[in-house]
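Structural features, examined
Residues per chain are reported as follows:
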Amino acid sequence: METRVFTCIRCPMGCELTATINDNGVITVKGNACIRGEQYARKELTSPLRVLTTTVRVIGGTQAMVPVRTKGDIPKEKIMDGIRQLKQIQVKAPIQIGEVIVENLVNTGIAVIATKTVQKRA
Ligand code: SF4
């Protein structure tokens, strides 16, 4: 049996959740004020997901870095691999907000997009 306590991040109420998985794999959740908390706790125990936000180097831009994020959630255990992949990348200015920087980050099927426009240096 394993018990974990964490804060639900699905809304600003931030309910404290206690999730227990017994030896047969049955999960019980307490402390949630709504069904979304239970769903979040189950996901956290079985396959936690996160949006990755970081920055990527820019060549010839008015800024040296452009902020980026994954277009959706990726498995939490892939976050560090994703950061390593993005550290290797340089993109040429200009870059438009929403532009795809990487199509398939560390084989998750999830794209990485720019979250800010960077103009070309004059
Ligand atoms: S359990 Fe429901 S009410 Fe509580 S923080 Fe999560 S989403 Fe919000």
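Residues numbered from 1 in each chain as written. Predicted model: local features only at pLDDT ≥ 70, side-chain atom pairs only at ≥ 80, totals over all residues. Heavy atoms only, no water.

Some remarks on unusual backbone geometry
Where we set the bar: Think of it this way: any DSSP run of H or I at least four residues long counts as a helix, any run of E at least two long counts as a strand, and we number them from the N terminus.
Each neighbour pair has its own omega, and for Ala 93 with Pro 94 the value is 0 degrees, a cis peptide bond. Its place among the elements puts Pro 94 in the loop between strand E8 (90-92) and strand E9 (100-102). For Val 106, which is not glycine, the phi torsion reads 35 degrees and is therefore positive. One can find Val 106 in the loop between E9 and strand E10 (112-114). The phi angle at Asn 107 is positive, at roughly 55 degrees, despite the residue not being glycine. Residue placement: Asn 107 occurs in the loop between E9 and E10.

Describing the sheet that holds E8
In sheet architecture, strand pairing relies on hydrogen bonds along the backbone and comes in two forms, parallel and antiparallel. Our working rule: At least two bridges found by DSSP between two strands is the condition for calling them paired. Here an axis means a line fitted to C-alpha atoms, over the contact stretch when the element is a helix, while the angle between two N-to-C directions is reported on a 0 to 180 degree scale.
Read from one edge to the other, the open sheet built from five strands follows the order E8-E5-E6-E10-E9, with strand pairing classed as mixed. A single partner strand is all that each edge strand has here, and the edge strands are E8 and E9. The sheet shows a mean angle of 45 degrees between the axes of neighbouring strands, direction not considered. Bridge analysis of strand E6 (residues 65-70) against E10 gives three bridges, and the strand direction is antiparallel. Note that in E10 the partner of Arg 69 across the bridge is Ile 113.

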